[in-house]
Amino acid sequence: TEPVLSVRNLQVEFASRRGTLRAIDDVSFDIAKGEVLGVVGESGAGKSVTGLAVIGLIDPPGRIAGGEIHLAGLRIDNLPPEEMRRIRGKRIGMIFQDPLTSLNPLYRVGDQIVETIRTHLNLSEQAARRRAIDLLAEVGIPAPEKRIDGYPHEFSGGMRQRVVIALAICAEPELIIADEPTTALDVSVQAQIISLIKRLGRDHGTAVMLVTHDMGVIAETSDRVAVMYAGRVAEIGPVQDVVRNPLHPYAKGLMGAIPTLAGEDKRLVQIPGSMPRLSAIPRGCSFNPRCAFAFDRCRVDRPEPLPQGAQSVACHLYDNVPAESAA
Ligand code: SF4
Ligand code: MG
C-alpha cells in the first residue's frame, strides 16, 4: 500500500554570502500508516530542515531545490502556500521542542484546541469542546473538564507538551512531525511523552516522523530509524537491526553511545572530530575525515544508498564495484 509520506531525492539549499549551501542533499525515505520513523543525527545534520520541508515551512533564503514530497500520493512540495496551510494542522500535525511555539500564552488551551478542531472539522462549538475534553483525557491530563479552561502557563512543561500533542492530533492528521518533543522535559516526564507518541501510531494509525538527537528516544519509540549525517541519510532500516547491527561507520559510533532513558549519563557521540559545516562538506563521503575505515575511494566518490537486507547504507564498504566503473 501507498506510504503516508514519501520523500524522494529531496534537496534543500540556502543562499548565503558564501554562495549556495546544500543543507539536504538527495534524501529519500517513506513512512507507512501507523509507523514511527525516527530521524537521528547530530545538530546540523539536516533532521529539522527535513521536517520543515515536509510541512512546507522552508522560508527564504532557503528553498527546496530538488526532489518530491508526497502525502498519501498527493504531491505537496510545490503546492501554493494557502493550500499547504490547510494541509498543516489538518493532515499534518506538528509537535516542537518548545510547547510555547504551538500554544498562544494569551488564550485558554481549550479555546485553542476548539478553534483548531472547528477550522478543520465540521463540528459545532459544543461538539468541538466535548472532543477537546476527550483529547485532553486521552493524552493524560487529569480533570480535563476543568483544565480545558486553563492558560498555558498554568501547566507544567510535561503537561503543556501533552496539550500540544492533543492540539496536533485534534483534526486526525495522517502524519505527525515531532521535532525533539521531549528534549526540554525532565527525564521522568520524557518516558511518558514517548509512550504517548508511540500510542498515536498504534491507536490512530498516524504516521510519525520523530526528529531527535537522542538515540535512546528512538530505540524506545521507533519502528524504523534514519541516521542522518551532513544532509544525507547514512543508514536507514528497522530500529532493532540498526541498533543491534549498525552498518555505517557513523551509525556504529552513534549506537555505541546510546544513553538509557533512566540514566543521567547522556554521553555524547564517541566519534573523534565534528560534523563538517555546510560550507565545507568534504568531497567523496562527507564522513571520511572522521572515519576509521576510510580508503582512497571515500575521498573521491560519494557513496549512494545500497540495500543490505532490510537496511540501506550509504558506504563504500558495502559496495564491491571498483571506483573506475562507478558513475
Ligand atoms: Fe567511511 Fe568510506 Fe564508508 Fe564513508 S564511505 S563511511 S569514509 S568507509
Ligand atoms: Mg533541530
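Note on numbering: residues in each chain are counted from 1, in written sequence order. By the order in which they are written, chains take letters starting at A while ligands take numbers starting at 1. A pLDDT threshold of at least 70 governs which residues receive local features in this predicted model, and a stricter bar of 80 or more applies before side-chain atom pairs are shown or counted, although totals over entire chains, interfaces and linings include all residues.

- The name an unreviewed UniProt entry gives the protein chain is ABC transporter ATP-binding protein, with Bradyrhizobium diazoefficiens as the organism.
- Per UniProt, the protein chain has the following entry under Subcellular location (unreviewed entry): "Cell inner membrane".
- Under the heading Sequence similarities (unreviewed entry), UniProt records this for the protein chain: "Belongs to the ABC transporter superfamily." UniProt positions are given in the numbering used here, feature names are shortened, and annotations may be inferred rather than shown by experiment.

What to know about the overall build of the protein chain
Move 1: In DSSP terms, a helix is any run of H or I states spanning at least four residues, a strand is any run of E spanning at least two, and both are numbered starting from the N terminus. Helices and strands together make up the secondary structure of the protein chain, namely ten helices and twelve strands.
Move 2: Only C-alpha atoms enter the radius of gyration, while the globule expectation follows 2.2 Å times N to the 0.38, with N the number of residues. Taken against the 2.2 N^0.38 rule, which gives 20 Å for 327 residues, the C-alpha radius of gyration of the protein chain at 21 Å falls within 12% of a compact globule.
Move 3: Considered along the principal axes of its C-alpha atoms, the protein chain spans approximately 70 × 45 × 40 Å.
Move 4: Nonlocal contacts in the protein chain, meaning residues at least 24 apart in sequence, comprise 63% of its contacts between residues at least 6 apart. Think of it this way: build a C-beta for each residue from its backbone, and any pair within 7 Å is a contact.

Details of helix α4 (residues 125-138)
Move 1: End to end, α4 covers 20 Å across 14 residues, agreeing with the expected 20 Å (1.5 Å per residue, within 8%).
Move 2: Looking only at α4, the buried set comprises Ala128, Ala132, Ile133, Leu135 and Leu136. Projected down its long axis, α4 shows its buried positions confined to an angular sector of 160 degrees, all on one face. Opposite its buried face, α4 presents the exposed residues Gln126 and Asp134, each directed more than 90 degrees away.
Move 3: Where α4 is buried, its residues meet α3 (109-120), α5 (144-147) and α6 (157-169). Helix span is expected to be 1.5 Å times the residue number reduced by one. As a rule, residues whose C-beta atom has 12 or fewer other C-beta atoms within 10 Å are exposed, those with 20 or more are buried, and those in between are partly exposed; C-beta atoms are placed from the backbone. This arc corresponds to the set of directions leading from the helix axis out to the C-beta atoms.

Details of the site of ligand 1
Move 1: Near, as applied to residues and a molecule or strand, means the residue's backbone-placed C-beta atom lies within 6 Å of it. Surrounding ligand 1, one finds 13 residues, the nearest of these being Cys285, Asn288, Cys291, Cys298 and Cys315.
Move 2: Throughout this entry, Asp, Glu, Lys and Arg are counted as charged residues, while Ala, Val, Leu, Ile, Met, Phe, Trp, Tyr, Cys and Pro are counted as nonpolar. The remaining residues, Gly among them, count as polar. Of the residues assigned to the shell around ligand 1, the class counts are ten nonpolar, three polar and no charged.

Quick look at the packing of α3 against α4
Move 1: Viewed as axis vectors pointing N to C, α3 and α4 meet at an angle of 120 degrees, and their least axial separation amounts to 9 Å. If you check the angle between α3 and α4, you find them oblique. Our pair here, α3 against α4, has a crossing hand that is right-handed. Counting all contacts with α3, which are made through Gly110, Ile113, Val114, Ile117 and Arg118, the residues of α4 involved are Glu125, Ala128, Arg129, Arg131, Ala132 and Leu135.
Move 2: A per-class count over the contact of α3 with α4 returns six nonpolar, one polar and four charged. With axes taken as lines fitted to C-alpha atoms, and helix axes fitted only over the stretch in contact, angles between N-to-C directions fall between 0 and 180 degrees. For classification purposes, an angle smaller than 35 degrees is called roughly parallel, one larger than 145 roughly antiparallel, one from 65 to 115 roughly perpendicular, and anything else oblique. Crossing handedness is read from the near helix: turned anticlockwise from the far helix by less than a right angle, it gives a left-handed crossing, and turned clockwise, a right-handed one.

Considerations on the UniProt feature "domain: ABC transporter" (unreviewed entry) in the protein chain
Move 1: UniProt records the feature "domain: ABC transporter" (unreviewed entry) for residues 7-255 in the present numbering.
Move 2: The straight-line gap between the two end C-alpha atoms of residues 7-255 is 25 Å; of that span, 40% is helix and 27% is strand.

What about the sheet that holds strand β9 (residues 224-229)?
Move 1: For two strands to be treated as a pair, DSSP must find at least two bridges joining them. Pairing is mixed in the open sheet, where eight strands are placed in the order β6-β7-β8-β3-β9-β10-β12-β11. Since the sheet does not close on itself, it has two edges, and those belong to β6 (92-95) and β11 (306-308), each with one partner. Averaged over all adjacent pairs, the angle separating strand axes in this sheet is 20 degrees, with direction ignored.
Move 2: Bridging between strand β7 (residues 175-179) and strand β8 (residues 207-212) involves five bridges; their strand directions are parallel.

Some words on the sheet that holds strand β1 (residues 5-16)
Move 1: Strand order in the open sheet formed by four strands is β2-β1-β4-β5, with antiparallel pairing between adjacent strands. Each having just a single partner strand, β2 (19-31) and β5 (74-75) make up the two edges of the open sheet.
Move 2: In this sheet, β2 lies alongside β1 in antiparallel orientation, the contact comprising ten bridges. Considered in β2, the bridge of Ser6 is made with Asp30.
Move 3: Along the sheet, helix α1 (residues 47-54) makes contact with β1, β2 and β4 (62-71), crossing β1 at roughly 110 degrees.

Quick look at the pairing of β1
Move 1: Bridge count for β1 against β4 is eight bridges, and the pairing is antiparallel. Paired with Val12 across the strands is Ile64, a residue of β4.
Move 2: Linking two consecutive strands that pair antiparallel, namely β1 and β2, is a turn of two residues.

Some words on the environment of Leu196
Move 1: One can find Leu196 in helix α7 (residues 187-204).
Move 2: Excluding residues that lie within four positions of it along the chain, Leu196 makes contacts with Val139, Gly140, Arg162 and Ile165.

Quick word on the packing of α3 against α6
Two packed helices can be described by the angle between their axes and the distance between those axes.
Move 1: The interhelical angle for the contact between α3 and α6, taken along N-to-C directions, is 15 degrees, at an axis separation of 9 Å. By the angle between their axes, α3 is roughly parallel relative to α6. The element α3 and its partner α6 pack so that their crossing is right-handed. Packed against α3, whose contacting residues are Val109, Gln112, Ile113 and Thr116, the element α6 presents Val163, Ala166 and Leu167 at the interface.
Move 2: Grouping the amino acids of the contact of α3 with α6 by side-chain chemistry returns five nonpolar, two polar and no charged.

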